[in-house]
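Structural overview
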There are 4 protein chains.
Amino acid sequence: MLRVAVLGAGRIGRIHAANAAANRQAKLVAIADPFGSAAEDLARELGCAASTDPEAVLARADVDAVVIGTPTDTHVALMLAAVRAGKAVLCEKPIDLDIAKADAAVAEVERLDGRVMLAFNRRFDPASQELRRAIDAGEIGEVRQVIISSRDPAPPPRAYLEHSGGIFRDMTIHDFDMARFLLGEEPVEVMATASRLIDPNLAEIGDFDTVMVNLRTESGRQCHINCCRAAVYGYDQRFEVFGSAGMLMNDNLRPTTVRRWSSAVTDAREPLLNFFLERYADAYRTEFEMFRAAVEAGAPMPVTARDGRQALRLADCALESALTGRAVRV
Amino acid sequence: MLRVAVLGAGRIGRIHAANAAANRQAKLVAIADPFGSAAEDLARELGCAASTDPEAVLARADVDAVVIGTPTDTHVALMLAAVRAGKAVLCEKPIDLDIAKADAAVAEVERLDGRVMLAFNRRFDPASQELRRAIDAGEIGEVRQVIISSRDPAPPPRAYLEHSGGIFRDMTIHDFDMARFLLGEEPVEVMATASRLIDPNLAEIGDFDTVMVNLRTESGRQCHINCCRAAVYGYDQRFEVFGSAGMLMNDNLRPTTVRRWSSAVTDAREPLLNFFLERYADAYRTEFEMFRAAVEAGAPMPVTARDGRQALRLADCALESALTGRAVRV
Amino acid sequence: MLRVAVLGAGRIGRIHAANAAANRQAKLVAIADPFGSAAEDLARELGCAASTDPEAVLARADVDAVVIGTPTDTHVALMLAAVRAGKAVLCEKPIDLDIAKADAAVAEVERLDGRVMLAFNRRFDPASQELRRAIDAGEIGEVRQVIISSRDPAPPPRAYLEHSGGIFRDMTIHDFDMARFLLGEEPVEVMATASRLIDPNLAEIGDFDTVMVNLRTESGRQCHINCCRAAVYGYDQRFEVFGSAGMLMNDNLRPTTVRRWSSAVTDAREPLLNFFLERYADAYRTEFEMFRAAVEAGAPMPVTARDGRQALRLADCALESALTGRAVRV
Amino acid sequence: MLRVAVLGAGRIGRIHAANAAANRQAKLVAIADPFGSAAEDLARELGCAASTDPEAVLARADVDAVVIGTPTDTHVALMLAAVRAGKAVLCEKPIDLDIAKADAAVAEVERLDGRVMLAFNRRFDPASQELRRAIDAGEIGEVRQVIISSRDPAPPPRAYLEHSGGIFRDMTIHDFDMARFLLGEEPVEVMATASRLIDPNLAEIGDFDTVMVNLRTESGRQCHINCCRAAVYGYDQRFEVFGSAGMLMNDNLRPTTVRRWSSAVTDAREPLLNFFLERYADAYRTEFEMFRAAVEAGAPMPVTARDGRQALRLADCALESALTGRAVRV
């Protein structure tokens with residue numbers, strides 16, 4: 001029975017807290033959030049302690065593991081504090097927006113032999129797991145090309161974007177992680193192009209809303225990523241893995257399987273599940289369970305702090321490539 | 001080089017004439033139609049002789065085979081005249097609306113050793129051919145259940161319906177033939193139910209617009225047919241064959257493979273090809289070619305006059321069942 | 001907070017007990033099963049009381065509602081006992097295998113103003129709910145034809161079949177309920193045909209393994225049901241609703257959305273979820289929640305005991321029709 | 001009635017000759033091929049004159065238009081000769097492998113006001129036409145991203161590759177043309193990455209077998225192209241056009257619409273049509289017809305020599321980018 005505390009009672013913290021509370025082999029002990037009554041409300045709903053002080057929660061002896069779902073700029077400090085307090089950590093992405101800070105954090109985690117898992121939820125989607133399993137089973141031979149399409153239903157507010165680190169570090173970072181997950185090899189070169197097709201004013205903050213990235217591994221495997229901050233048909237998340245002996249794809253999720261025929265369309269499916277909380281509900285559940293299982297078994301973390309650093313590095317390379325028009329060596 | 005005459009220059013006659021003209025191993029010699037300038041116009045377009053007298057065309061020595069696309073009540077007479085004139089015959093369905101007349105015609109054709117093929121075009125659709133081939137290859141083991149869905153885009157005019165013989169003999173007859181084609185065994189029992197959901201006034205002519213039929217073979221194989229005279233999404237033609245080792249389905253055809261995503265729908269396909277002339281264009285071409293090949297090779301006809309009679313018998317049984325509420329022995 | 005007891009700790013009882021335990025607005029109080037340690041094991045897992053005596057559990061004052069998941073021949077007695085004890089009841093299908101006994105039970109429930117919901121789980125599948133909602137919203141105009149395909153992955157053991165009441169009352173009964181749910185009108189006529197294509201020895205117990213049924217309502221709406229006790233590709237559950245303004249379909253569920261391309265197949269999806277416990281996991285959850293909500297709100301039951309009786313009556317009519325070859329008036 | 005000669009009696013020449021022969025508003029006059037009896041055999045089959053001398057055919061007064069399907073290094077000379085002889089020209093891609101030569105040819109064609117259409121067949125596929133029509137109709141708002149997947153079933157022989165100009169100029173050139181067709185704006189920047197994943201020995205001839213290219217237009221629209229010389233599942237040709245108000249996709253073609261269910265797969269479709277002659281049979285037919293119609297109407301060519309030059313330029317840029325790791329300005 002893993003005893004868990006959740007730091008952060010916002011959108012993503014709620015998900016983790018609910019999954020911890022519902023997991024029969026875990027016990028949600030406490031929720032911490034410095035802002036207002038967020039932690040208290042959530043704790044009451046889920047039946048655990050509440051605090052406005054994350055440090056105090058980290059000091060509790062009855063906590064074995066913490067989930068960090070706080071703002072990005074607090075990730076490194078809380079992660080290291082938790083590791084030093086002997087807690088296992090499930091930390092939201094990204095580690096940090098600054099690669100130097102991320103590098104230092106990863107080095108420190110490794111020096112301390114800390115147990116840190118990065119919360120790249122998409123890896124834990126049932127379809128992602130099946131893609132990886134099928135690739136490992138040799139179903140499609142040697143992987144040649146991976147195509148990742150990743151579009152959000154609508155852009156976040158400007159205030160969010162200003163502190164997001166930019167589309168590559170905030171949004172595409174998930175796709176960089178999936179690229180590594182599906183390629184089965186480390187990308188060594190990044191080429192990117194970036195546009196402002198939704199909001200030209202993003203130029204004011206040096207950000208983009210529509211990007212394309214190509215990655216290449218040492219052996220020549222290739223990955224294409226396309227991202228856009230808005231898609232009218234919903235949250236679009238598709239993976240295609242093409243190999244020497246076949247191809248695999250996943251599809252988006254809809255609320256139900258109902259399809260429609262009318263005088264205008266045939267075989268029409270429903271709009272996509274709106275956004276990541278719905279789309280990846282299963283993935284978040286599985287992510288928490290795999291964290292719990294790894295911690296309790298003393299097994300390697302399914303995703304490490306170093307994986308988090310690597311995705312950030314790819315994001316930095318992509319931004320540099322988009323700005324310079326050169327392929328950037330990772 | 002098969003020398004062909006087409007009797008009837010209406011909607012279906014045009015199709016056969018064009019296919020004969022385009023077939024490199026056939027030569028379209030003449031078109032006959034008693035009404036106005038229909039034959040002449042079509043003959044000019046396709047480069048052959050025209051006539052208003054079918055009998056005269058049957059008398060031509062330079063005609064090896066005739067395609068009969070005239071009104072139903074002329075089929076038997078023209079078929080027998082053609083057989084007696086030593087011509088091979090491709091005759092549109094149904095043979096006749098009267099089973100006794102059909103029986104007599106089939107008997108006479110067989111007595112004369114006539115070469116008659118019934119034009120059940122759906123058998124020659126590439127998907128139908130592949131279904132049959134896959135069944136024969138044992139892909140799905142023993143056939144257990146066949147489901148046939150067959151809906152027209154819009155009902156024909158009342159004037160047509162009055163002479164159509166009713167929905168079972170006019171429309172469902174195609175499905176009865178496909179049932180026999182896909183079941184691989186002869187149906188021995190028919191149960192049907194019939195409604196007037198589009199036009200209650202059909203009661204005046206004893207007809208129906210929405211029907212369901214179940215068939216059973218001696219060994220217990222089952223087939224369900226559902227028909228409706230109108231479907232807003234187009235001409236719906238689906239077959240499902242369920243067996244001990246698997247299942248096969250075909251799908252409808254659309255103008256292109258384009259699919260659409262919007263805020264309202266995802267993965268939406270185009271409306272179905274509107275009606276049989278477009279939907280079965282390939283089937284009509286193949287049908288003519290298989291007729292030509294069989295005639296020239298002296299091989300058995302792919303569909304015989306007796307097949308035409310059998311479908312009519314099933315239609316009669318269905319009507320009787322719908323009227324009496326009893327399963328009818330074929 | 002609805003306090004719930006579950007009677008029966010077998011396959012289906014476990015599902016209901018787990019859903020009651022996981023529902024935040026319900027409390028699982030006790031589980032009863034006369035056989036061995038089944039109730040005890042399950043109760044320990046879910047944290048509630050255990051008993052080998054259903055009657056004792058019905059006597060508990062801290063139980064507001066009971067879920068009956070015991071063998072069919074105990075349904076009526078337990079249902080009535082529960083109603084008399086003032087409990088709300090969620091009872092598994094069928095009410096009973098004997099229509100007279102079912103009629104008497106329904107009459108008694110109604111006389112006592114009992115709160116009984118029949119557990120026709122398929123109505124609560126998200127796709128079924130969406131089909132019903134879309135029909136009610138007028139999306140497809142007037143319903144004309146409903147097609148229900150329902151095939152199990154593999155037949156149950158002979159011992160089960162001997163006490164099952166036969167395929168119509170045991171398996172097709174779900175489809176009869178869905179027919180009523182989707183038609184939106186009461187069927188008044190039943191025509192059925194039944195075969196033994198998997199196991200000819202079923203003749204010894206007067207049962208069948210492959211059946212087709214057609215239903216008709218007074219206004220002429222039609223429904224076709226096909227059932228088979230075995231399908232190699234998994235648990236097949238499809239609904240098609242065809243109306244004057246369009247058509248709706250649902251699709252089967254697979255473990256993931258991954259599709260495969262190889263030299264043999266393209267766009268191939270995974271085998272279907274194996275059987276009802278997996279396929280309808282969401283439906284069982286929703287069913288329990290709708291039961292809970294209706295009980296607590298004092299609202300009408302979403303499915304009544306009379307609905308259970310009606311499905312049984314249709315099953316009896318189908319059997320009679322299959323045996324006599326006559327359409328049977330409901 | 002357009003009088004047509006076809007130069008080249010190889011694989012692609014046969015297609016054009018057959019389409020010219022079958023087109024009711026065109027007349028196939030002659031076929032020329034310097035090698036052996038190729039022209040003679042084809043001419044006999046299609047009923048026209050044969051020649052081993054293309055120049056002689058260009059001199060015929062009874063020829064209005066020529067289709068050039070000869071080896072690439074003869075395209076420019078024959079195109080210019082034909083233009084000077086006053087013939088309209090439908091010329092296979094690429095114009096030439098050398099951009100300077102292509103530039104000179106285009107300039108000369110334009111100076112002479114020559115009527116030249118480049119045979120980019122994919123634009124004339126029914127799905128491509130519908131994509132373009134839907135974009136023009138505003139169905140998806142402003143185009144943001146285009147994704148083109150283009151994989152051949154198997155690599156051509158080494159001997160072919162040695163004279164092909166490399167994968168970008170030989171294979172991807174089609175996709176560069178489709179990128180321009182679907183983007184609706186001119187690409188101004190090209191980024192490419194190229195690998196040898198099928199045959200490492202391609203290094204000997206400086207060629208690649210697996211490539212990814214990203215294009216950007218001045219306004220920021222983006223296009224991704226992925227190509228591979230081999231795909232076990234067949235000839236893969238997919239387009240995705242994502243815009244501000246929706247998304248459009250086409251799908252590959254299979255021989256039939258039959259889908260399969262077994263214990264291993266569900267809803268599995270057939271392998272793709274093997275290669276371009278089958279896949280684009282309709283497109284070649286439409287291409288010829290649109291050429292014919294434009295010539296006879298004196299209307300602008302649907303694809304010009306300059307379009308051919310532009311695609312070649314994009315191929316050159318892609319090669320340069322792949323070799324230098326820099327984005328290349330078009």
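Worth saying up front: this structure is predicted, and the values here are computed from it rather than measured.

The next point concerns the packing of aromatic side chains. Overall, the coordinates contain 20 aromatic pairs over all chains when judged by the stated rule. Ring geometry for C:Tyr235 and C:Phe275: centres 4.9 Å apart, planes at 80 degrees, overall edge-to-face. Within this pair, whereas C:Tyr235 is found in the loop between β10 (222–228) and β11 (236–243), its partner C:Phe275 is found in the loop between β13 (259–261) and α10 (276–279), the two being separated by 40 residues in sequence. For the pair shown, C:Tyr235 and C:Phe275 are each scored as buried. For the pair D:Phe288 and D:Phe291, a centre-to-centre distance of 6.4 Å together with 55 degrees between the ring planes defines the contact as tilted. Highlighted residues: D:Phe288 and D:Phe291, both in helix α11 (residues 281–297), separated by three residues, approximately one helical turn. For the pair D:Phe288 and D:Phe291, one class covers both residues: buried. Linked through ring pairs, A:Tyr235, A:Phe275, A:Phe276 and A:Tyr280 together constitute an aromatic cluster. Between A:Arg151 and the ring centre of D:Phe242, over which it is positioned, the NZ or CZ distance is 4.0 Å.

Once that is clear, we can look at the interface of chain B and chain D. Interface size is often expressed as the accessible area that is lost when the parts come together. Contacts between chain B and chain D engage 27 residues on the former and 28 residues on the latter. Between chain B and chain D, the buried area comes to about 2100 Å², and carbon and sulfur atoms account for 54% of it. Among the residues of chain B in contact with chain D, B:Thr257, B:Arg260 and B:Trp261 are the three that bury the most area, contributing 25% of the side total. Across the chain B-chain D interface, the total number found is six salt bridges. Between D:Arg24 and B:Glu45 there is a salt bridge; the shortest N-O distance is 3.7 Å. Put simply, the parts of the chain that give the side of chain B that touches chain D at least two residues each are α2 (38–46), α6 (126–136), β12 (246–249) and β13 (259–261) of chain B.

For the rest of this paragraph, the subject is the UniProt feature "domain: Gfo/Idh/MocA-like oxidoreductase N-terminal" (unreviewed entry) in chain A. When the UniProt feature table is mapped onto this chain, "domain: Gfo/Idh/MocA-like oxidoreductase N-terminal" (unreviewed entry) is found at residues 2–119 of chain A. Along residues 2–119 of chain A the backbone is 42% helical and 25% strand, and the end-to-end C-alpha distance reaches 18 Å.

This brings us to the layout of surface pockets. In this approach a probe as big as a water molecule rolls over the atoms, and the regions it shows empty are the leftover space. In this structure, the second largest pocket occupies an estimated 1400 Å³ of space. As for the second largest pocket, its lining consists of 32 residues, and the residues nearest its centre are A:Ala22, A:Asn23, A:Arg24, A:Arg285 and C:Ala22. When the residues that make up the lining of the second largest pocket are grouped by side-chain class, the tally is 16 nonpolar, seven polar and nine charged.

Let us now look at the side chain of B:Gln237. Residues and elements named next belong to chain B. Within the secondary structure layout, Gln237 lies in strand β11 (residues 236–243). A distance of 3.4 Å separates a polar atom in the side chain of Gln237 from a polar atom in the side chain of Ser150. With sequence-adjacent residues up to four places away left out, Gln237 is seen in contact with Arg122, Ser149, Ser150, Arg151, Asn250, Asn252, Arg279 and Tyr280.

Moving on: the environment of C:Arg309. All names here are of chain C. Within the secondary structure layout, Arg309 lies in helix α12 (residues 305–324). Residue Arg309 is classed as buried on the basis of its relative accessible area of 15%. Taking C-alpha positions, Arg309 is 9.1 Å from Ala105, a pair spaced 204 residues apart along the chain. With residues up to four places along the chain from it excluded, the contact list for Arg309 reads Ile95, Ile99, Asp103 and Val106.

This part covers the interface of chain A and chain D. The interface is formed by 46 residues belonging to chain A together with 46 residues belonging to chain D. Roughly 3200 Å² is buried in total at the junction of chain A and chain D, and carbon and sulfur atoms are behind 58% of that figure. Ranking the residues of chain A by area buried against chain D places A:Arg144, A:Met191 and A:Met212 at the top, with a combined share of 18%. If you look at where chain A meets chain D, you find four salt bridges. D:Arg151 is the salt-bridge partner of A:Glu240, the closest N and O atoms lying 2.9 Å from each other. Counting residues per element, the ones that place at least two in the side of chain A that touches chain D are β7 (143–151), β8 (187–195), β9 (210–217), β10 (222–228), β11 (236–243) and β12 (246–249) of chain A. Classifying every residue of the side of chain A that touches chain D by side-chain character gives 22 nonpolar, 15 polar and nine charged.

Turning next to the sheet that holds β7(A). In space, the eight strands of this open sheet follow the order β14(A)-β8(A)-β9(A)-β10(A)-β7(A)-β11(A)-β12(A)-β13(C), with mixed pairing throughout. Each having just a single partner strand, β14 (328–329) of chain A together with β13 of chain C make up the two edges of the open sheet. Pairing analysis gives seven bridges linking β7(A) to β10(A), with the strands arranged parallel. From the neighbouring strand, A:Ser150 faces β10(A), where its bridge partner is A:Cys227. In the packing of helix α9 (residues 172–183) of chain A onto the sheet, contacts are made with β7, β8, β9, β10 and β11 of chain A, and the angle to β10(A) comes to roughly 155 degrees.

Let us now look at the domain arrangement of chain A. Residue and element names in this part refer to chain A. For chain A, the assigned domains are domain 1 (2–114) and domain 2 (123–299 + 306–329). Taking the mean C-alpha position of each, domain 1 and domain 2 sit 25 Å from one another. Opposite the 29 residues of domain 1 that make contact, domain 2 presents 24 residues. Counting the surface lost from both domain 1 and domain 2, the interface buries some 2300 Å², and carbon and sulfur atoms represent 68% of this.

An order of β14(B)-β8(B)-β9(B)-β10(B)-β7(B)-β11(B)-β12(B)-β13(D) is seen for the eight strands of this open sheet, with the pairing classed as mixed. The strands lining the two open edges of the sheet, one partner per strand, are β14 (328–329) of chain B together with β13 (259–261) of chain D. In terms of strand pairing, β12(B) meets β13(D) through three bridges, oriented antiparallel. Residue B:Met249 lies in a different strand from β13(D), and its bridge partner there is D:Arg259. Here helix α12 (residues 305–324) of chain B sits on the sheet and contacts β8 (187–195), β9 (210–217) and β14 of chain B; the angle it forms with β8(B), its principal contact strand, is near 50 degrees.

Now for the relation of the copies chain A and chain D. If you rotate chain A by 180 degrees and push it 0.0 Å along the axis, it lands on chain D with an RMSD of 0.0 Å. On the angle and the small slide along the axis, the relation comes out as a two-fold axis. Ranked by how close their C-alpha atoms come to the rotation axis, the residues of chain A are headed by A:Arg326, at 2.2 Å. Here 100% of the interface residues in chain A have copies in chain D that are interface residues too; the copies meet face to matching face.

All names here are of chain A. Counting 103 residues, the largest nonpolar core has Ile31, Phe168, Phe176 and Phe291 as its most contacted members. Looking at this core element by element, the count peaks at eight residues for helix α12 (residues 305–324). When residues of this core are assigned to domains, at least three fall in each of domain 1 (2–114) and domain 2 (123–299 + 306–329). If we ignore the near neighbours within four places in the chain, the residues touching Ile31 are Val6, Ala9, Ala17, Ala39, Leu42, Ala43, Leu46, Cys48, Ala49, Ala50 and Ser51.

With that settled, the discussion passes to the pairing of strand β2 (residues 26–32) of chain C. Residue and element names in this part refer to chain C. Across the seven residues that make up β2, a large majority, six, are buried. Where strand β1 (residues 2–7) lies against β2, six bridges are found, and the strand directions are parallel. In the strand pairing of β2, Leu2 is matched with Ala26. For the crossover that starts at β1, traverses helix α1 (residues 11–22) and ends in the parallel β2, the hand is right-handed. Pairing of β2 with strand β3 (residues 49–51), which is carried by three bridges, proceeds in the parallel orientation. Bridge assignment links Ile31 to a residue of β3, and that residue is Ala50. At this point the chain moves from β2, through helix α2 (residues 38–46), to the parallel β3, and the crossover so formed is right-handed.

With respect to the helices and strands, the residue D:Lys87 is situated in the loop between α4 (75–84) and β5 (88–92). No salt bridge is formed by the buried D:Lys87, whose closest oppositely charged neighbour, D:Asp64, lies at an N-O distance of 6.5 Å.

What follows concerns the state of the cysteines. Residue and element names in this part refer to chain C. Taken as a whole and judged by the stated rule, the model has zero disulfides over all chains. The thiol of Cys223 is not disulfide-bonded; the next cysteine sulfur, from Cys227, is found 10 Å away. On the accessibility criterion, Cys223 (0% relative accessible area) is buried. The buried category is assigned to Cys227, whose relative accessible area is 0%.

All right, on to the UniProt feature "domain: GFO/IDH/MocA-like oxidoreductase" (unreviewed entry) in chain A then. Within this numbering scheme, the UniProt entry marks residues 129–248 of chain A as carrying the feature "domain: GFO/IDH/MocA-like oxidoreductase" (unreviewed entry). End C-alpha atoms of residues 129–248 of chain A are separated by 12 Å, and the span's content is 24% helix alongside 37% strand.

About the criteria used
Residues numbered from 1 in each chain as written. Chains lettered and ligands numbered in written order. Predicted model: local features only at pLDDT ≥ 70, side-chain atom pairs only at ≥ 80, totals over all residues. Heavy atoms only, no water. Phe/Tyr/Trp six-rings, centres within 6.5 Å; stacked < 30°, edge-to-face > 60°. Helix = DSSP H or I, 4+ residues; strand = E, 2+ residues; numbered from the N terminus. Buried < 20%, exposed > 50% of the residue type's maximum accessible area, 1.4 Å probe, protein only. Lys NZ or Arg CZ within 6 Å of the ring centre and 35° of its normal. Contact = heavy atoms within 4.5 Å. Buried area = accessible area lost by both parts, 1.4 Å probe. Salt bridge = Lys/Arg side-chain N within 4 Å of Asp/Glu carboxyl O. UniProt positions renumbered as here; feature names shortened; annotations may be inferred. 1 Å grid on protein atoms, 1.4 Å probe; cavity = no way out; pocket = protein on both sides within 12 Å on 5 of 7 lines; lining within 4 Å. Points joined across faces, edges and corners; volume = space filled by probe spheres on them. Nonpolar A, V, L, I, M, F, W, Y, C, P; charged D, E, K, R; others polar. Polar contact = N/O pair within 3.5 Å; in protein donor to acceptor, adjacent residues only side chain to side chain. Pairing = 2+ DSSP bridges. Axes fitted to C-alpha atoms, helices over the stretch in contact; angles between N-to-C directions. Domains from an automatic or database assignment. Least-squares fit on C-alpha atoms with pLDDT ≥ 70 in both. Core = buried A, V, L, I, M, F, W, Y, C linked by side-chain atoms within 4.5 Å. Right-handed = clockwise from strand over helix to strand, strands pointing away. Lys, Arg positive; Asp, Glu negative; His and termini not counted. Disulfide = S-S within 2.5 Å.

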